Amino acid sequence: MVHPILKLVVQRVALGILLLLAASVLIFVGTQILPGDVAQSILGQSATPVSLANLRAELGLNDPPVTRYFNWLSGVLQGDLGTALSNGQDIATAMGRRLGNTLFLAFWAAIIAVPLAIVLGLISVRYRDRWPDKLISGVTLATISVPEFLVGYIAVFFLAVQLQWFPSIASVYDGMTLGERLYAISMPVIVLVLAVLGHMMRMTRAAILNVMQSAYVETAELKGLSQFTIIARHALPNAVAPVVNVVMLNLAYLVVGVVVVEVVFVYPGMGQYLVDHVAKRDVPVVQACGLVFAAVYIGLNLLADVISILANPRLRHPK
Amino acid sequence: MKDDLAKLIDHIEEMRMNRRAFLNRTAAFGVAAAVGASVMGSEARAQEPKKGGVLKMGLGGGETTDTLDPGLADSPVPFAVNRQWGDTIVNVTPDGQIEFRLAEAMESNADGTEWRFKIRQGVKFHDGSDMTVDDVVATFKRHSDENSKSGALGIMQGIADISADGDSVVFKLATGNADLPYLLSDYHLVIQPKGGMDNPTAAIGTGTYKLVSAEPGVRYVFEKNPNDWDANRGHYDGVEIIVINDATARTSALQSGQVHLINRIDPKVAKLLGRAPGVVVENVSGRGHYVFIMHCNTAPFDNKDLRLALKWAINRQELVDKILDGFGGVGNDTPINAAYPLFTPLPQREYDAAKAAEHYKASGHDGSPIELLVSDGAFPGAVDAASLFQQSAQAAGIPLEIKRVPDDGYWSDVWNVKPFCASYWGGRPVQDQMLSTAYLSTADWNDTKYFNPDLDALILAARSETDTAKRTELYAKCSEILNDDGGVICPMFNDFIDARSEKVAGWVKDPNYEMMGGWATAKTWFA
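This is a predicted model, so every value here is computed, not measured. Residue positions are given per chain, counting from 1 as you read along its sequence in written order. Starting at A for chains and at 1 for ligands, labels are handed out in the order in which the entities are written. Confidence filtering applies because this is a predicted model: local features only for residues at pLDDT of at least 70, side-chain atom pairs given and counted only at 80 or more, and all residues used for totals across whole chains, interfaces and linings. Excluding hydrogens and water, the side-chain figures rest on all heavy atoms present in the structure.

1. Let's talk about the overall build of chain A
Helices and strands together make up the secondary structure of chain A, namely 16 helices and zero strands. Referenced to the eigenvectors of the C-alpha coordinate spread, the extents of chain A come out at roughly 85 × 65 × 35 Å. Residue exposure (1.4 Å probe, protein chains only): buried if accessible area is under 20% of the type maximum, exposed if over 50%, otherwise partly exposed. Sorting the 319 residues of chain A into buried and exposed places 43% on the buried side. Put simply, 74% of the contacts in chain A that link residues at least 6 apart link residues at least 24 apart. Here the Shrake-Rupley method, with its probe set to 1.4 Å, supplies the accessible areas, and only the displayed protein chains count as covering residues. Here chain A displays about 16,100 Å² of accessible surface, and carbon together with sulfur accounts for 68% of that area. In summary, the charge assignment counts Lys and Arg as positive and Asp and Glu as negative, without counting His or the chain termini. By convention, charge coordinates are those of NZ in Lys, CZ in Arg, CG in Asp, or CD in Glu. Charge centroids of chain A, computed over 20 positive and 16 negative side chains, lie 14 Å from each other. Numbering goes from the N terminus for both helices and strands, where a helix is a DSSP run of H or I of at least four residues and a strand is a run of E of at least two. Contacts: residue pairs with any heavy atoms within 4.5 Å of one another.

2. Things to note about the confidence of the model for chain B
Residues and elements named next belong to chain B. What pLDDT reports is the predictor's confidence in each residue, on a scale of 0 through 100. Taken as a whole, chain B shows an average pLDDT of 87; of its residues, 91% reach a score of 70 or greater. Contacts from residues 1-46, a stretch scored under 50 in pLDDT, to residues over four places away or in other chains number 30 contacts. Interface scoring of the predicted complex returns ipTM 0.79; its pTM is 0.81.

3. A short note on the UniProt feature "domain: Solute-binding protein family" (unreviewed entry) in chain B
UniProt marks residues 100-446 of chain B with the feature "domain: Solute-binding protein family" (unreviewed entry), using the numbering shown here. The span residues 100-446 of chain B shows a helical share of 26% and a strand share of 24%, and its end C-alpha atoms are spaced 32 Å apart. UniProt positions are given in the numbering used here, feature names are shortened, and annotations may be inferred rather than shown by experiment.

4. Quick look at the domain arrangement of chain B
All names here are of chain B. Segmenting chain B into domains produces domain 1 (2-206 + 496-526) and domain 2 (289-494). At the junction of the two partners, domain 1 supplies 14 residues and domain 2 supplies 13 residues. Buried area counts how much accessible surface, traced with a 1.4 Å probe, disappears from two parts once they are put together, with both parts' losses summed. Taken over both partners, the interface formed by domain 1 and domain 2 buries close to 1,100 Å², and the fraction arising from carbon and sulfur atoms is 57%. For salt bridges, the criterion is a side-chain nitrogen of Lys or Arg within 4 Å of an Asp or Glu carboxyl oxygen. The tally of links between domain 1 and domain 2 comes to one salt bridge. Across the salt bridge formed by Arg-471 and Asp-179, the nearest N and O atoms sit 2.9 Å from each other. An automatic or database domain assignment supplies the residue ranges for each domain.

5. Details of the sheet that holds strand β4 (residues 103-108) of chain B
All names here are of chain B. Sheet architecture is open: four strands sit in the order β4-β5-β7-β6, paired in antiparallel fashion. Each edge of the sheet is formed by a strand with only one pairing partner; in this case those strands are β4 and β6 (159-165). Geometrically, the sheet is characterised by an average inter-axis angle of 20° between neighbouring strands, direction not taken into account. By the convention used here, strands pair only if DSSP detects at least 2 bridges between them. With six bridges connecting them, β6 and strand β7 (residues 168-173) associate as antiparallel partners. Directly across from Asp-161, in β7, lies its bridge partner Lys-172. Helix axes are fitted to C-alpha atoms over the stretch in contact, other axes to C-alpha atoms as well, and angles between N-to-C directions run from 0 to 180 degrees. Sheet strands touched by helix α5 (residues 133-144): β5 (114-119), β6 and β7. Its angle to β6, the strand with the most contacts, is close to 165°.

6. Side note on the interface of chain A and chain B
Where interface size is given, it is often the accessible area lost as the parts come together that is meant. The partner chain B presents 26 residues to the 27 residues of chain A that form the contact. On the surface where chain A and chain B come into contact, there are one salt bridge. Note that Glu-215 of chain B is salt-bridged to Arg-97 of chain A, the shortest N-O span being 3.3 Å. Pairs of N or O atoms are called polar contacts if they sit within 3.5 Å, as long as, within protein, a hydrogen donor faces a hydrogen acceptor (for residues adjacent in sequence, only side-chain-to-side-chain pairs). Summed over the shared surface of chain A and chain B, the result is eight residue pairs in polar contact (both at pLDDT 80 or more). Contributing elements (two or more residues each) for the side of chain A that touches chain B: α5 (91-126), α7 (148-162), α13 (259-264) and α14 (270-279) of chain A. Tallying contributions element by element places α14 of chain A first for the side of chain A that touches chain B, with five residues. By the convention adopted, Pro, Cys, Tyr, Trp, Phe, Met, Ile, Leu, Val and Ala count as nonpolar, Lys, Arg, Asp and Glu as charged, and the other residues, Gly among them, as polar. Residue composition of the side of chain A that touches chain B, grouped by class: 14 nonpolar, eight polar and five charged.

7. As for unusual backbone geometry
Peptide bonds are, in most cases, trans, and in most cases residues other than glycine have a negative phi. Residues and elements named next belong to chain B. A cis geometry characterises the amide bond from Ala-299 onward to Pro-300, with omega recorded as 0°. By the secondary structure assignment, Pro-300 is in the loop between β12 (279-294) and α10 (304-312). Despite not being glycine, Arg-264 has its phi angle at roughly 50°, a positive value. Note that Arg-264 resides in the loop between β11 (261-262) and α9 (267-274).

In structure tokens, the structure reads:
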């Protein structure tokens, strides 16, 4: 008899892979219905009909879409993402650097945002409906409501132009020390933290407040435990499942949704890379980026599911 | 109150310009040192180039997909990159003269069909090898190859044969061309070892700075070339180009001191930026122009009266004031302005609703709305410009219907395809090149579909005419024909607007292109 947790996890993973396959079909179909012809956009205005036909044949654009899809998929399964049409670079290599940068930024934003959101959530619950709660709610709601690019520009104006504390452009390159890198990305990290903080903090607060209504919390109070111990030791563990879901959603956002922040701070991440290649109709690159984004999204959600399963004692200790 | 303050500041700015102009003038008489040191203090001392420092440029117009092949450079960042590491054989100076670079002398026969350029000796490439005549010949052959994707292929097509003769390169032309030196100054024609035949993207040249690292669309790093053949340039230890496509990010990078030079300032913010501390806006009127183009072979634009009606129905000064915020000049309906050599001014066409209405009536148009396709990708502010055009045309009883289309794909699906749309031309160094690129019947980019044998004959006659007075006259006729009959409506010529940190000294206004024609890093220094 297989342990039910293992069984559940395997089920989830299988489902994730299926989803990823479905996503790959969607990405492929999406890139096929993009207006404009790849060969035409590579050759530009000076294209002759003959050179267009040659290039179309060379790129395999004359094959039926289903054949092209399976050719592409088999390449991807073997780890070959193909080469970029516009400059002939190997996509995996070029994208690897960019993905590394994006993950670096997301990692440091998450390292700050997640603990901060949870602590702020705990404080909000502790001082529920009093001024610290209202202050925290107000500020985080404000930062989540203002579009990131505006937060970015405001931050640049005050922190970079007026005070000159941080660099206004997050230029990272090989040969920088970790300290230099962290300093370079300080502005985008601040903006990203502000962008995701509100959502996670509100969810933590709501989930814990929900648990606080339970009978066992009342018992703990009657036992004479301090307010904070009750929240941190008894309420939080039982609120983990919904909180983890929101945290993962926001982590995924930090990876796949930061195009605008990358543009504002000129950060060489995935977003800028994707946008450049969409403009050039460089379909293989767009497909590869789409696939990586889908994988990150599905992977993090998978992780969230597994953690919430593990956090549920009824599932952890089957009868 | 606020406006007055702004005016005052502008006035002070002008005073500063005058002082600088005064300095330049006194320098010509050799008295700058004496007058400058006593009266002007630091300003005059700054005229003496200082060495050292790393100059950082924040440039818009670069993509991840850019390559280092100089033949494929087609946007501001690859252009600037090539200027760092490469040289052409000749260059066009800010006042439109030919300046020798890797060539040191030239001569041509009487009808301009054979040209000899003597190549400079003792120049070394960055890899230590000598630059030879063969390298030069190979470079031109690479760019003139039929299958080449070089941006210079068009201008190389008139050259029948390129060969080496001793220490000279000889060009034989099918028909004479008095402008050949200007054509050879094209920025794609960077001299590379073996012409770049074996490795076009090596970025090895004879330029001021050597390429250290390149990350397309992100950042390029250069160091000073210690063996530079030209001792009068290259005052920095190194140069960094950081690609910043977002206009706001560019200006804030300059204001926060992260970069020293930026390009492509939005005219709407240029005056404001100029008032920021430590920042100087540098604008120069160039040959670039914002246009509305009509296909002369498609109804209703095949009617000369309708074309004239639209030409009279646009308020040029209003467009310059509102779209360019004054950073530019009004144009007549020809691509040629005073920035070109051999220019003859035409009477300025003003907005005249009565004349427009008269021509509109004469055209017999049925009064249905005329569709104008625009996108802000055509030129910044194109949609607003079209709305202003619509209003001024409306006042003359001409109904325009504006159809806004996406930026994406504009240059492949709309420009040169649809009969009436907004467009942009960067201009060319000489009249022949501009006219041949877009107004000759046979031109690929004849984007007004204008087929006029008379104009073709004039352009070709002017090309091989070596008598300057006669050439000037021929070009005046070309502009006249386009102005009265052609399909281009050219309301304005836009300025190149760059900005620099006050620390950067030695800036010269160069109408050839932004960033002092690309030579800002070679010719400026830290004050």
